[in-house]
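Report on the structure
Chain by chain, the residues:
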Amino acid sequence: EKLSIKDKELSYITQQIKNDTEFNNKYKVSGIYKPLWKSDKYKNNWAGWHKKTVVHGTTNKSLIQILDSGFKLSSELLNTDARLTGSGLGDAIYFGRLDQISKPMNYTDKRMPVFYVIIADIYYKDVIDTHYYKRFNYNGKNLVWAHSVGGFYRDELAVLPKQIEIKYILEITR
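What counts as what
- Residues numbered from 1 in each chain as written.
- Predicted model: local features only at pLDDT ≥ 70, side-chain atom pairs only at ≥ 80, totals over all residues.
- Heavy atoms only, no water.
- Helix = DSSP H or I, 4+ residues; strand = E, 2+ residues; numbered from the N terminus.
- Buried < 20%, exposed > 50% of the residue type's maximum accessible area, 1.4 Å probe, protein only.
- Contact = heavy atoms within 4.5 Å.
- Areas by Shrake-Rupley, 256 points an atom, 1.4 Å probe, with all protein chains shown as cover.
- Polar contact = N/O pair within 3.5 Å; in protein donor to acceptor, adjacent residues only side chain to side chain.
- Salt bridge = Lys/Arg side-chain N within 4 Å of Asp/Glu carboxyl O.
- Arc of directions from axis to C-beta.
- Pairing = 2+ DSSP bridges.
- Core = buried A, V, L, I, M, F, W, Y, C linked by side-chain atoms within 4.5 Å.
- pLDDT = per-residue confidence, 0-100.

**Here we look at the overall build of the chain**
Counting its regular elements, the chain contains 3 helices and 9 strands. Ordering the α and β elements of the chain from the N terminus gives β-α-α-β-β-α-β-β-β-β-β-β. Looking at the chain residue by residue over its 174 residues, the buried ones come to 48%. When contacts within the chain are restricted to residue pairs at least 6 apart in sequence, long-range pairs at least 24 apart make up 74% of them. For the chain, the accessible area works out to roughly 9300 Å², and carbon and sulfur atoms hold 50% of it.

Listed below in structure tokens is the structure:
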């Protein structure tokens, strides 16, 4: 379902994206979509949990796989043709902050004239703050937040798949 930016939540998301001038100098959000499916795997009782809205860059092919069967850890993808990236913080799913959307853009397929970025809510009880790449253990309740690491010195946030709720898909053009 294609959406317009009238919704309060979408307005906040697009405002945060506008704060990343590097993204805005190269890309344009040409569409916002909300997946129409509601799967039991995304219905969880998040009462008492913290929530952060984040972005995940992916290839167009992987987007279809993620929407079809959810996020998979690197350890679950070893015998597939999926492109594996992000292992500096351990076996988890990696995200960027909304206002740093240019960082996960590095994981999209740059040969494509149109590509997609996932907007998701991640839920957590505890935060492990770090300024270094180090392999962490994940317990399904924690968020590893690595500040100013990797390319462009942007933040990376990592959680397990069961802590992720996909909210929107952004269609991006150059």
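From this point, the discussion proceeds with the structure in view.
**With respect to the side chain of Glu-171**
Position of Glu-171 relative to the elements: it lies in strand β9 (residues 164–173). Given the relative accessible area of 14%, Glu-171 is considered buried. In terms of polar contacts, Glu-171 uses its side chain to reach the side chain of Tyr-116, at 3.5 Å. The contact partners of Glu-171, leaving out residues within four places of it in the chain, are Lys-28, Val-29, Ser-30, Gly-31, Tyr-33, Val-114, Phe-115 and Tyr-116.

**Overview of the pattern of salt bridges**
For the structure on display, the rule yields 9 salt bridges. Where Lys-167 meets Glu-9, a salt bridge forms, and the shortest distance between an N and an O atom there is 3.8 Å. Taken together, the positions of Lys-167 in strand β9 and Glu-9 in helix α1 (residues 8–18) put the pair 158 residues apart, joining distant regions of the chain. Accessibility expressed as a relative area gives 15% for Lys-167, which makes it buried.

**Quick word on helix α3 (residues 60–69)**
Taken as a whole, α3 has its buried residues at Asn-60, Ser-62, Leu-63 and Ile-66. For α3, the angular spread of buried residues about the axis comes to 150 degrees, placing them on one side. Exposed residues pointing more than 90 degrees away from the buried face of α3 are listed as Ile-64 and Asp-68. Looking one or two residues past α3, Gly-70 carries a phi angle of roughly 85 degrees, positive in sign.

**As for the pairing of strand β8 (residues 154–159)**
Most of β8 is tucked away: 6 of the 6 residues are buried. Relative to β8, strand β4 (residues 93–97) runs antiparallel, the two sharing 3 bridges. Bridging across to β8, Phe-95 finds its partner in Leu-157. Of the pairings in the sheet, the one linking strand β7 (residues 142–149) to β8 comprises 4 bridges and is antiparallel in character. If you follow Ala-146 over to β8, its bridge partner there is Glu-156.

**Structural notes on the nonpolar core**
If you look at the biggest cluster of nonpolar residues, it comprises 28 residues, and the most contacted ones within it are Phe-71, Leu-89, Phe-95, Ile-118, Ile-122, Tyr-138 and Ile-164. Mapped onto this core, the elements with two or more residues apiece are α3, β4, β5 (114–124), β7, β8 and β9. The dominant element in this core, judged by the number of residues it contributes, is β7, at 5 residues. Core analysis: the next-biggest nonpolar cluster, separate from the first, contains 16 residues, Ile-13, Ile-101, Tyr-168 and Leu-170 among them.

**Focus on the confidence of the model for the chain**
On average, residues of the chain score 86 in pLDDT, and 86% of them reach the 70 mark or higher. Across the chain, the element-wise mean pLDDT spans from 61 in strand β1 (residues 2–3) up to 97 in strand β6 (residues 126–130).

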